[in-house]
Structure formats: C-alpha cells, structure tokens
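Examining the three-dimensional arrangement
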Protein chains: 2
Amino acid sequence: MPTSAPPSNARERQKRERRLALIEAAQRLVGERGLDDVTVEEISSAAGLSTRTFFNYFDSKDDAVLGIQEIGVDAEVRAQFVSGGPTGRLMSDLEALVAGFLDHAAPNIEQGERAMRLMIAEPRLVQRHIAWHQRVVAELEALLSERRTARPSPVDDDTIGMVAGLLLRASALAWARSGYEGDAAAHLPEAVAQLRLLLDD
Amino acid sequence: MPTSAPPSNARERQKRERRLALIEAAQRLVGERGLDDVTVEEISSAAGLSTRTFFNYFDSKDDAVLGIQEIGVDAEVRAQFVSGGPTGRLMSDLEALVAGFLDHAAPNIEQGERAMRLMIAEPRLVQRHIAWHQRVVAELEALLSERRTARPSPVDDDTIGMVAGLLLRASALAWARSGYEGDAAAHLPEAVAQLRLLLDD
DNA sequence: CAGTATTCTTGCAGTGAGTGCAAGTTGCAG
DNA sequence: CTGCAACTTGCACTCACTGCAAGAATACTG
C-alpha cells in the first residue's frame, strides 16, 4: 500500500517522481563513488533538477541518500493510545502503537534496502538515520505524556520512549534479516520476545 | 577523578587547557546567541586560538559545544566481559560493562550539565549527542561479538546492544535528574529496575 | 477558454564549515 | 645548544546550504 498510491493530481505525481528520482540518483552515485566524492550538484543534475531544487526536497545530501521523510500514525491508533487503550496494559499498547508507526515507515522497499546497504559502507549515514529515528521516538514520547493523564505509569517517559524506539528498530532489523518478508510490523512480537529473553536471563 | 588528574607534562596540560577553553567559549557563545549565530571563528578567537586549530581539536562546531570526546572502558573490565564474566549471566555482566563506560563518561560535570541544557534549546545538538552515543554502543557491540565465542546467547547482538545503550542513557538521565548526585553508575540499578517494571507490567 | 492565483523551479550571490598543505613555533631530549 | 617531534597557523580551496526574486508550470474561477 505505501509503495503504490498513485495521486490523480499531476502536481503531486511530479513531486513524488522527482523525489524518487533524487533518491535514486543519490543512492546510485554514492554507491559507486562514496558519500564524500559525490556532490549535491551531481545528484541533482543526474535527476534532471537544479541544485537549488534539491534543497527544496531534502535538508541534506545524507537525507536524500536515505530517502528520509516524515512518518506518523493513523489518527485512530493515536487517539486510542492516548486515551489509555487498546488493552490498558502499557507494554501491549506500546506494541500496537509501534506497529502503527511501522505501517508507514517503508514507502519503498527497494530504496530502503539500498539505504540499509549504504549505511554499512558509510557510517555517517547510520548516524543520520538514527537522528531521524530519534525524531520518531520524540513523537512517541509526546503521545506518552498525553496518555499519562488518562492512565499513569510508574515508569519514566524516557525509559518507555527508549523501549519503543528499541522495538521499532529491532523490528526493522528483523524484517531486513528475513529478506523483507511480510511487513515490518509482523516482526514486532519477535523483537518483544528477544527483549524479554534478555531481561529474564 | 575524571575532573582532576593534572598531567605533569607541559604539552598535555596545554592541550587539556585549550580543549576546555574551546568548549567553554563554544558553550558560552552558543548559550548567548544560538547555535547558528555563532561561527567557529568567533569561538576560536574567544579561546585565543586560530580557526584552523579549532579543527585540530574537534570535528565540528557541534562537537565542541557538547565537549565530545572518545570514551572507553578499562582493559580489565573489557577483558572480563569478553571472556564471559564476571558473573556469567548476560544481563548482570552487561550492567557491569555499562558501569565501566559510565565511569569514563563525564570528564567535567559543569560542562556536561551546560551541554545538557543547551541540547534543550538546540535540538540539533541532541542528534549529535545521540550520534556520539551510537559510537559508544558500537564499541559495546564489538565486545559483545567477542564475548559470544566464549559464552553464546540466544539474543541478537543488535538487541543486546540497544539494551546496553538504553541503560547507558537512562542512567545518565537519572543522574541528571538527581542533580548529579554520586556518580552516574550509581543510577544504573534504577534504570534496570525501571526496564523490568515496564516489561513485567 | 481566458485570466488570475498559487505553487514550484531556478539562477545568483553570499555565508561559513571543513580540509590539505607548507611554513613557522614551541616544547623536549641528549 | 641542537636537532627532533608535536603543534599551531595562515592560505587557498571546495562544497553544503540559504534567501531572494524572477520566471515557468499548474490549478482554480467565472
């Protein structure tokens, strides 16, 4: 569902195409020559756009290589979590919330996969990726503090947020290890199980 | 112990002083005018050094504001962990290892505290800090894979590494919340307890 | 369909981070 | 004092990134 969704609007379609073209060019060139030997100008003109336009789409070269974009959760999932649901048990509800984020996390599997591979060769990209990840966690934490009024918890927001982030990332890694089998959220229970296994060791 | 330790060597002393002077200047100026309205040149000359020398000490402006430096663990703690000790139970040994890192993490409490405050005002610094944090976790993960030969575990390195990172950060946050009471490692058990509390909810 | 509003692209000019190099300075050992 | 190694500095340079204003493409209205 995320990979498709073709917009009828001509403007939206071009926007999407240009965005993908920039990511494609960035990943290809960086894969060939390395992150520091490719300039934004080269990426832009490979995608048939001006350097200036590149920066209308991405905040930095690194962001384009990773294909970074804002993600969120469905309003209903959000509302349910904030009001103390769906089960009322924090750990289970956290799982549902993280699953909600994962549903929107991978707009294009091929590009995501290439981004993963590039991160191995270019450690700086890992850092950028984690910075993005952190923004997602910050959003999770905002929901947490809203929920707190409906259903208090003895555990710090910090800790809960970090656990949520851990689950998000562990699921994505497990998904990648499986060769992108099913969707990312399907690997969430596995991540939770691993975490429990470690703690109960 | 970390704050003091004056080196007899004149060269080492100057190096330390210059480093601290750069951090001090960076934090002061950024606190007054904001991260993007202070140039490296201003920081450098406020510290009585050239711009070029600034980059002999730090990789970036952000690093100087955070006072980022490489940290590690004592060789003995490292060796013990790698060979499967000290207790043989992974979760406990992980705790010992994280404590070993925490012992070296805060060379100067005042500057660390100011860095924390600046991170609130400048989100970019949080990202940089997390990137640094990630380097520490990467080192932890290297130790993990070494240990694995001595004492295998059913839990992924990724997951263990993330848990270690979580404990590192949660301890630091708890330490900060306590007003920097005792040393950072003293707050580790609290972090572990919180984590267990959440999982067993 | 014509005309207008809106949104997006682009060139331009500029700031400032960060780097390699080579020459000077400073502390150190014999 | 002399030669050595480490460190600092200025210089020239590349390139990421930004604001601005003009122009092009697209959407909207009657």
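All of these numbers come straight from a predicted model, not from anything done at the bench.

Helices and strands together make up the secondary structure of chain A, namely 10 helices and zero strands. Put simply, chain A runs from its N terminus to its C terminus through helices and strands in the order α-α-α-α-α-α-α-α-α-α. C-alpha atoms of chain A, sized along the principal axes, occupy 55 × 40 × 30 Å. Sorting the 201 residues of chain A into buried and exposed places 44% on the buried side. Accessible surface, chain A as shown: approximately 9,900 Å² in total, 51% of it carbon and sulfur. Charge-centre separation for chain A: the mean point of 23 positive side chains lies 5 Å from the mean point of 31 negative side chains.

In the superposition of chain A on chain B (RMSD 0.1 Å, axial shift 0.1 Å), the rotation amounts to 180°. Those values place the two copies in the arrangement expected of a two-fold rotation axis. Interface overlap between copies: 100% of the residues of chain A at the interface are likewise at the interface in chain B, consistent with a symmetric, same-surface contact.

Contacts between chain A and chain B engage 28 residues on the former and 28 residues on the latter. Buried surface at the junction of chain A and chain B, both sides included, amounts to about 3,100 Å², of which 64% is carbon and sulfur. If you look at where chain A meets chain B, you find four salt bridges. When the shortest N-O distance is used, the salt bridge between B:R177 and A:D158 registers 2.8 Å. Inspection of the chain A/chain B interface yields eight residue pairs in polar contact (both at pLDDT 80 or more).

A few words now on the protein's contact with DNA strand D. Surveying the vicinity of DNA strand D reveals 20 residues, the closest of which are A:N9, A:R52, B:K15, B:T53 and B:Y57. Backbone atoms, meaning sugar and phosphate, form 64% of the atoms of DNA strand D found within 4 Å of the protein. Here a base nitrogen of DNA strand D and a side-chain polar atom of B:R11 are 3.3 Å apart. B:R18 places a polar side-chain atom, nitrogen or oxygen, 3.0 Å from a phosphate oxygen of DNA strand D. Secondary-structure elements contributing two or more residues to the surface near DNA strand D are α1 (10–33) and α3 (51–57) of chain A together with α1 (10–33) and α3 (51–57) of chain B. Partitioned by chemical class, the residues of the surface near DNA strand D number six nonpolar, six polar and eight charged.

Let us now look at the protein's contact with DNA strand C. Taken together, 20 residues lie around DNA strand C, and A:R11, A:T53, A:Y57, B:N9 and B:R52 are the ones closest in. Near-protein atoms of DNA strand C (within 4 Å) split between backbone and bases, with sugar and phosphate holding 65%. At 2.5 Å, a side-chain N or O of A:T53 approaches a phosphate oxygen of DNA strand C. For DNA strand C, a phosphate oxygen lies 2.8 Å from a polar atom in the side chain of A:Y57. Elements supplying a minimum of two residues to the surface near DNA strand C: α1 and α3 of chain A together with α1 and α3 of chain B.

The phi angle of most residues is negative, glycine excepted, and most peptide bonds adopt the trans form. Residue and element names in this part refer to chain A. With an omega dihedral of -5°, the bond running from G85 to P86 counts as a cis peptide bond. Its location among the elements puts P86 in the loop between α5 (75–82) and α6 (90–105). The phi dihedral of Y180 falls on the positive side, at around 60°, and the residue is not glycine. Within the fold, Y180 resides in the loop between α9 (157–177) and α10 (188–199).

This brings us to the packing of aromatic side chains. All names here are of chain A. Tallied over the entire structure, the rule returns six aromatic pairs over all chains. Here the aromatic rings of F54 and F55 are separated by 5.1 Å at their centres, their planes lie at 75°, and the arrangement is edge-to-face. The class for F54 is buried, based on a relative accessible area of 0%. Ring plane angle 75° and centroid distance 4.9 Å describe the contact between W175 and Y180, whose orientation is recorded as edge-to-face. By relative accessible area, which is 16% here, Y180 ends up buried.

Residue and element names in this part refer to chain A. By the assigned domains, chain A splits into domain 1 (10–66) and domain 2 (75–199). With 16 residues of domain 1 in contact, the opposing surface of domain 2 contributes 11 residues. Summing both partners gives a buried area of about 1,200 Å² for domain 1 against domain 2, and 54% of it is carried by carbon and sulfur. When the area that domain 1 buries against domain 2 is broken down by residue, the three leading residues are Q27, L35 and L66, summing to 46%.

With that settled, the discussion passes to the nonpolar core. In this structure, A:V163, A:L167, B:V163 and B:L167 are the most contacted members of the largest nonpolar core, which totals 118 residues. What A:V163 contacts, discounting residues up to four positions off in sequence, is A:M91, A:L94, A:L195, B:L166, B:L195 and B:L198.

Parameters at a glance
- Residues numbered from 1 in each chain as written.
- Chains lettered and ligands numbered in written order.
- Predicted model: local features only at pLDDT ≥ 70, side-chain atom pairs only at ≥ 80, totals over all residues.
- Heavy atoms only, no water.
- Helix = DSSP H or I, 4+ residues; strand = E, 2+ residues; numbered from the N terminus.
- Buried < 20%, exposed > 50% of the residue type's maximum accessible area, 1.4 Å probe, protein only.
- Areas by Shrake-Rupley, 256 points an atom, 1.4 Å probe, with all protein chains shown as cover.
- Lys, Arg positive; Asp, Glu negative; His and termini not counted.
- Charge placed at Lys NZ, Arg CZ, Asp CG, Glu CD.
- Least-squares fit on C-alpha atoms with pLDDT ≥ 70 in both.
- Contact = heavy atoms within 4.5 Å.
- Buried area = accessible area lost by both parts, 1.4 Å probe.
- Salt bridge = Lys/Arg side-chain N within 4 Å of Asp/Glu carboxyl O.
- Polar contact = N/O pair within 3.5 Å; in protein donor to acceptor, adjacent residues only side chain to side chain.
- Near = heavy atom within 4 Å.
- Nonpolar A, V, L, I, M, F, W, Y, C, P; charged D, E, K, R; others polar.
- Phe/Tyr/Trp six-rings, centres within 6.5 Å; stacked < 30°, edge-to-face > 60°.
- Domains from an automatic or database assignment.
- Core = buried A, V, L, I, M, F, W, Y, C linked by side-chain atoms within 4.5 Å.

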